[in-house]
Amino acid sequence: MNKKFTPREIVIMSICILPPLMVFMMPSFLAVRLNHDGWIQYIIYMLLDVLLCIVICSCFRKSSTGSLEDMCKTAFGKVFSKVVLGLFSALFVYKTAVQVVQIVDYVKAGIYVYIPWIYFSIPIGIAVCIAIWKGPLIFMRLSNIIFGLIIFVYIITATYSFGDFRLSNIMPVMDCGSEALLTSTISFFPLSGDIIFFIMLGDKVENSPKTKRYFITGLVISYIAVFLIGLVYYGVFGNASHMSTFSVIKLTQYMTGKFVFERIDSYTTFMWLMSAFVKLCLSMYCVTAALNSVINIKNRRITTVFIVFALMIIPMLIWEDHGVFYSSLTGVFSYICGALQYGLPIVLLIFLSVKGKRIIDEKQNLV
């Protein structure tokens, strides 16, 4: 399929897949550092991700194809581009592993509490492989299918517990202090910046002047949804926000019985998982595409199966304990992740700009 994503479709996919994993565990983790001020962190991450989005779109505009592999070759040359692609691959692998742990733990906590995680990891892995083989446009089709339904989930999750929202639970603002906010910002980069995965879709997106504006629009709308859900969570639970690992489960269970449908939490849980599944498909696609561009393996179907199941199983074996998982999100892991996800696109853009200017100068000299 040669059809490319339109800017409008990018907005739909962004809104569908970016918010879920930012409201699964993140509000509770932020509350550990910031208590009820965790909602402020979302504003900071939104500003950082908007800047990242601008950089990524600028890279697309400076490339003839938009492919990350071609951009790296243009900017760094054939040999060094492999090193940069390897760093992108490592970043994608790490962030995807973090996503897998969150999704599997959410399934365990929200639905199948007593069933071993391996039982539902296998069918999820098979579905992800099929989606990757079908190509990125399948992610767009899935996003179109769930778009209206997931918007409904965002709205009811953010508003239906608002009657129990207490302004006093989030006051005083900045009670944690600016130093704690800065420490928290650099401690949870693995849970933010997921817009970085879209850098692998440059050759799948229409190279239109509208692309940057639509990318940013989708990102901002996604963060508004995340911000409102997080704000309601902190406003309802206050300084006890850190006591529940999954904020979304806590909120949906809290509003159960108040809705016209008594078990609305079952519906919202299903939709959160559908959204997270589409995001996981995109992330796994980026991992396989990036690794294949580094290693140049011919039989990509077999490679896809190996990579997907390795990423579905190994992270759960390493991070089965939540304490170990939390430690792997913070400290040096977060610093490296932040440096790669925000630094690599900036370096890429600088080298593309320098290379482009050099080409223009050479053409002028020839004239």
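The structure we're discussing is the one just above.
Residues numbered from 1 in each chain as written. Predicted model: local features only at pLDDT ≥ 70, side-chain atom pairs only at ≥ 80, totals over all residues. Heavy atoms only, no water.

Colleague: Any details on the pattern of salt bridges? Residues and values, ideally.
Modeller: The tally for this structure, following the rule as stated, stands at four salt bridges. One salt bridge connects Lys73 with Glu69, and the closest N-O pair in it is separated by 3.5 Å. Of the two residues, Lys73 and Glu69 both sit in helix α5 (residues 68-110), four residues apart, roughly one turn of that helix. A relative accessible area of 35% means that Lys73 is categorised as partly exposed. Its relative accessible area of 21% is what places Glu69 among the partly exposed residues. (Salt bridge = Lys/Arg side-chain N within 4 Å of Asp/Glu carboxyl O. Helix = DSSP H or I, 4+ residues; strand = E, 2+ residues; numbered from the N terminus. Buried < 20%, exposed > 50% of the residue type's maximum accessible area, 1.4 Å probe, protein only.)

Colleague: An account of the side chain of Thr211 is requested, with residue identities and associated values reported.
Modeller: Examined against the element boundaries, Thr211 turns out to sit in helix α9 (residues 210-237). The exposure class of Thr211 is buried, given its relative accessible area of 7%. Here Thr211 is in contact with Pro7, Cys57, Val205 and Glu206, once residues within four sequence places are set aside. (Contact = heavy atoms within 4.5 Å.)

Colleague: If you had to explain the packing of aromatic side chains to someone new, which residues and values would you point to?
Modeller: A complete count under the given rule lists 17 aromatic pairs for this structure. On the basis of an interplanar angle of 85° and a centroid distance of 6.2 Å, the ring pair of Tyr94 and Trp319 is categorised as edge-to-face. Residue Tyr94 is found in helix α5, and its partner Trp319 is found in the loop between α12 (300-318) and α13 (322-329); the two are separated by 225 residues along the sequence. Here the two residues Tyr94 and Trp319 agree in accessibility, since each one is buried. Ring pairing ties together the aromatic residues Phe29, Tyr94, Phe188, Trp319 and Phe325, which thus form one cluster. In this arrangement the basic side chain of Arg301 is found over the ring face of Trp133, its NZ or CZ atom lying 4.9 Å from the centre. (Phe/Tyr/Trp six-rings, centres within 6.5 Å; stacked < 30°, edge-to-face > 60°. Lys NZ or Arg CZ within 6 Å of the ring centre and 35° of its normal.)

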